[in-house]
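# Analysis of the macromolecular model
Here's the letter readout for the chains.
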Amino acid sequence: MLFRSVKISGDARVRYTDAGDVLGDTSDLRARIAFDGKVNDNMKYSTRLSGSFNPSAPDNNNVTTKLDTANVTFDALGLTNTVGRQDVTIGSGIMFDDTLNGLGVQTGALKLYAGKTTGISGTDIKAERMYGAEYGVGARGANLTADYLKIGDKKAYGINGSAPIAKGVTVNADYIKNDTDKARDRKSTRLNSSHNHD
């Protein structure tokens, strides 16, 4: 039976970002509900519905809802593979925090991604070919990652560090170098607070 084991969970996030002189300050609120189940001991599936509020979005397009993930995950050849529309966060999300239609592979602390971004209907943000990689190490709740991202013809490299400072509160710091003309280097510090319901 396909739905023999289904988990329903959700989360909410309030985020503030200071991206310097190029992009300025931004803030957003996101809420998500997810349905996860097992097909067998080697395969599971995931679907998630999300809603977000971005007060700085142009043209009053600041409230969105979408079915943002629908994928299957299975183990093969010592790799954990996820195929379909999946959530991808590279670093703390400054470099990339969106859904990807494609393949995600993980082995140990190394994550690799390949596919197409989803774009945003009715805007200038179109779906593009995307490749990403992340390698992370952690100790005592703190994490450090080295990140790579290519979307279309644009490339970026970054380092992210995060550490908990209180229950449910994490501080993140990013340094990103990219090959665009407008912003070759970006530094950002952010404070995240989250609360999960299962």
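Everything here concerns the structure above.
Below is a summary of the structure that appears in this document. Computed from a predicted model, the values in this text were never measured in an experiment. (Residues numbered from 1 in each chain as written. Predicted model: local features only at pLDDT ≥ 70, side-chain atom pairs only at ≥ 80, totals over all residues. Heavy atoms only, no water.)

### Observations concerning the pairing of strand E6 (residues 96-107)
Pairing between strand E5 (residues 79-90) and E6: eleven bridges, direction antiparallel. Following the sheet pairing, Thr 80 is matched in E6 by Gln 106. Counting the residues that bridge the hairpin from E5 to E6 gives five residues, and of these Gly 91 lies at a positive phi of roughly 65 degrees. Pairing of E6 with strand E7 (residues 110-117) involves eight bridges; the strand directions are antiparallel. Within E7, the position partnered with Gly 102 by the bridge is Gly 115. Here E6 hands over to E7 after two residues, with Gly 108 in that stretch at a positive phi of 60 degrees. (Pairing = 2+ DSSP bridges. Helix = DSSP H or I, 4+ residues; strand = E, 2+ residues; numbered from the N terminus.)

### A closer look at a nonpolar patch on the surface
Taken together, Val 6, Ile 8, Ile 33, Phe 35, Leu 49 and Leu 67 make up a surface patch of nonpolar side chains, about 500 Å² in accessible area. Elements supplying a minimum of two residues to the nonpolar patch: strand E1 (6-18) and strand E2 (25-40). By secondary structure assignment, the location of Ile 8 is in strand E1. You can call Ile 8 partly exposed: its relative accessible area is 46%. (Patch = residues over 30% accessible without salt bridge, like charges linked within 9 Å, V, L, I, M, F, W, Y side chains within 5 Å. Areas by Shrake-Rupley, 256 points an atom, 1.4 Å probe, with all protein chains shown as cover. Salt bridge = Lys/Arg side-chain N within 4 Å of Asp/Glu carboxyl O. Buried < 20%, exposed > 50% of the residue type's maximum accessible area, 1.4 Å probe, protein only.)

### Let's talk about empty space enclosed by the protein
Across all of its chains, the model carries one cavity of 30 Å³ or more by this definition. Estimates place the volume of the largest cavity at around 30 Å³. Across the lining of the largest cavity, the residue classes tally to five nonpolar, three polar and two charged. (1 Å grid on protein atoms, 1.4 Å probe; cavity = no way out; pocket = protein on both sides within 12 Å on 5 of 7 lines; lining within 4 Å. Points joined across faces, edges and corners; volume = space filled by probe spheres on them. Nonpolar A, V, L, I, M, F, W, Y, C, P; charged D, E, K, R; others polar.)

### A few points about the environment of Val 72
Looking at the secondary structure, you find Val 72 in strand E4 (residues 63-76). Spatially, the C-alpha atom of Val 72 lies 7.0 Å from that of Met 43, the residues being 29 residues apart in sequence. Setting aside residues no more than four positions away along its own chain, Val 72 makes contact with Lys 44, Tyr 45, Asn 81, Thr 82 and Val 83. (Contact = heavy atoms within 4.5 Å.)

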